[in-house]
Each structure stands twice: as C-alpha cells, then as structure tokens.
Amino acid sequence: MTTTLLLARHGQTVWHAENRYAGVSDVALTDSGRAQAEALGRWTAAHPVDAIWTSPLSRAIATAEPACRALGLTPHREVDLRECDFGVVEGRTLAEFEAENPQAAQAFRADPVAHPFPGAEDPRAAAARGTAALHRIAAAHPDERVLVVAHNTLLRLVLCSLLHIPLAEYRRVLPRLRNAAVTEIRVTEHSAALLSLNIPCES
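Here is what the cut-offs are and how they apply
- Residues numbered from 1 in each chain as written.
- Predicted model: local features only at pLDDT ≥ 70, side-chain atom pairs only at ≥ 80, totals over all residues.
- Heavy atoms only, no water.
- Helix = DSSP H or I, 4+ residues; strand = E, 2+ residues; numbered from the N terminus.
- Rg over C-alpha atoms; globule rule 2.2 N^0.38 Å.
- Buried < 20%, exposed > 50% of the residue type's maximum accessible area, 1.4 Å probe, protein only.
- Areas by Shrake-Rupley, 256 points an atom, 1.4 Å probe, with all protein chains shown as cover.
- Lys, Arg positive; Asp, Glu negative; His and termini not counted.
- Charge placed at Lys NZ, Arg CZ, Asp CG, Glu CD.
- Salt bridge = Lys/Arg side-chain N within 4 Å of Asp/Glu carboxyl O.
- Phe/Tyr/Trp six-rings, centres within 6.5 Å; stacked < 30°, edge-to-face > 60°.
- Pairing = 2+ DSSP bridges.
- Contact = heavy atoms within 4.5 Å.
- Axes fitted to C-alpha atoms, helices over the stretch in contact; angles between N-to-C directions.
- Parallel < 35°, antiparallel > 145°, perpendicular 65-115°, else oblique.
- Nonpolar A, V, L, I, M, F, W, Y, C, P; charged D, E, K, R; others polar.
- Left-handed = near helix turned anticlockwise from the far one by under 90°.

Digging into the overall build of the chain
Link 1 in the chain: Scanning the chain from terminus to terminus reveals 8 helices and 6 strands.
Link 2 in the chain: When the helices and strands of the chain are listed from N to C terminus, the series reads β-α-α-β-α-β-α-α-α-β-α-α-β-β.
Link 3 in the chain: Its C-alpha radius of gyration of 16 Å places the chain within 12% of the 17 Å reference for a compact globule of 203 residues.
Link 4 in the chain: With the C-alpha coordinates aligned to their principal axes, the bounding extent of the chain is approximately 50 × 40 × 25 Å.
Link 5 in the chain: When burial is assessed residue by residue, the chain has 49% of its 203 residues classed as buried.
Link 6 in the chain: Of the roughly 9000 Å² of accessible surface on the chain, 51% is carried by carbon and sulfur atoms.
Link 7 in the chain: Counting 20 positive and 23 negative side-chain charges, the chain places the averaged centre of each group 4 Å from the other.

Given below as structure tokens:
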C-alpha cells in the first residue's frame, strides 16, 4: 500500500500577513489568501486527487473549497490536523513576545521543542497526533492521491517526524511552508519519502 499525500498550508490570513501566530484561533483568509486558494483549486484540477482532507479550522476549509469544487469532492475533516496551540503568543508576533520575555524567546529560538511558548501545546504531542492523522488518511486511501490542507507548524513537525529529522530542527530545516503551496510525500505503512517541497500553485 502506497499513498501519495499532497500537503498544502492554508492561504494567507490577516494575522499571518502581519507575522502573527494564529494557532488554534479561527482567523479568516485575506483577499490574497482567497486568491491563493483559487490557485490551489486550479492546480488540483490539473493534477486530480481522489480525496481531500482538511483541518477543522475555517482557514483550511476555505482554502480547500476551490479544489473540492473543481473536482466535485466533499472534503473530510480531521480534528488532529488542527494547528498547534501557541499559548500566550496566539495573536502576537515573536518580536512582541521577545520584547516582553527575552529569555523565553531566546530559549524558543534555540530549541522550540524543549522550550515551547508558555501555555502552548507540547510540539511532540502535536507531531504525534498529526503524524497519526496522516497515517490514518493514507490507510483509508491505499494507492490513491490525497490533498491534505492544514497548517505551517503542524505540517513541519509532521514532516520531520515522518522523515526522521529531529523535531527540534523543524524551524531550521523547514523555515516556512508557503501559503497554498504543495508538498508531496509518498507514505507506506512503515516509511515515508519526500518527493517535492513548496510546489507553487500560482501561475
């Protein structure tokens, strides 16, 4: 059994345009984010998938909608694809947090897994739930292609977990998944392979 997963980060939101952590906060797409979602829909129409799964957060659902419309698919929602909870930094920038608590910000920069933001979800737990969710999705769609629309930090943690990269390195090895770009992986029951990273969908 081999499943191809096309992982896409949602389109731009108001907070992300300002470099603010959205996390579990339900923040709407900007006009640019909606345009990115439409571009992802056109890309998916040209590279059809068998199923579409999304995070339960509205920015991911809205990003997947044009692809669902283009292919006539009903999206599946998976709660474990939600973004990490960033605790006290929800709605704030790292610079704002650093001005208030420079030691905690420095510790986060040095090792974001050992030193997550105060009140934040344990990144190891987020990686575990996200990885388990992708394995469940792959098992439900053997030998198929599946679009999965989720979130920047969660997907980076999951990619590190699947590819046996230390989780503490996720910010360095994968600085950013671009909005509505596609990262392609091949998943089997016991392994995963990265086929491409940050494929642009905008023409």
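Structural notes on the pattern of salt bridges
Link 1 in the chain: Following the criterion strictly, the structure yields 13 salt bridges and no others.
Link 2 in the chain: For R20, the salt bridge is made with E18, and the minimal N-O distance between the two is 2.9 Å.
Link 3 in the chain: Across the pair E169 and R172 runs a salt bridge whose closest N-O atoms are separated by 2.6 Å.
Link 4 in the chain: One network of salt bridges, with partners in common, ties together E78, D80, R82 and R136.

Structural notes on the packing of aromatic side chains
Link 1 in the chain: This model, assessed by the stated rule, comprises 4 aromatic pairs.
Link 2 in the chain: Relative to F117, the ring of F97 lies with its centre 5.3 Å away and its plane at 80°, an arrangement referred to as edge-to-face. Here F97, found in helix α4 (residues 94-100), pairs with F117, found in the loop between α5 (102-110) and α6 (123-140); they are 20 residues apart in sequence, far enough to count as distant.
Link 3 in the chain: According to the relative accessible area criterion, F97 is buried, its value standing at 1%.
Link 4 in the chain: An angle of 25° between the planes, with centres 4.1 Å apart, marks the rings of F108 and F117 as stacked.
Link 5 in the chain: Taken together, the ring pairs in this structure connect Y21, F86, F97, F108 and F117 into an aromatic cluster.

Re the sheet that holds strand β3 (residues 76-77)
Link 1 in the chain: The strand order across the open sheet formed by 6 strands is β3-β2-β4-β1-β5-β6, and the pairing between neighbours is mixed. The open sheet has two edge strands with one neighbour each: β3 and β6 (192-199).
Link 2 in the chain: Along the sheet, helix α3 (residues 58-71) contacts β1 (3-9), β2 (51-54), β3 and β4 (145-150); its crossing angle with β2, the most-contacted strand, is approximately 170°.

Examining the packing of α6 against helix α7 (residues 152-162)
Link 1 in the chain: Where α6 meets α7, the axes come as close as 8 Å, and the angle between the chain directions of the two elements is 75°. Put simply, α6 runs roughly perpendicular to α7. Together, P123, A126, A127, R129, G130, T131, L134 and H135 of α6 and L154, L157, V158, S161 and L162 of α7 make up the contact between the two elements.
Link 2 in the chain: Of the residues in the contact of α6 with α7, the class split is 8 nonpolar, 4 polar and 1 charged.

Details of the packing of helix α2 (residues 31-46) against α3
Link 1 in the chain: Following both chains from N to C, one finds α2 and α3 inclined at 35°, their axes separated by 7 Å at the closest point. Of the two elements, α2 crosses α3, and the hand of that crossing is right-handed. Between α2 and α3, the residues in contact are A37, E38, L40, G41, T44 and A45 and A62, T63, P66, A67, R69, A70 and L71, respectively.
Link 2 in the chain: In terms of residue class, the contact of α2 with α3 is built from 8 nonpolar, 3 polar and 2 charged.

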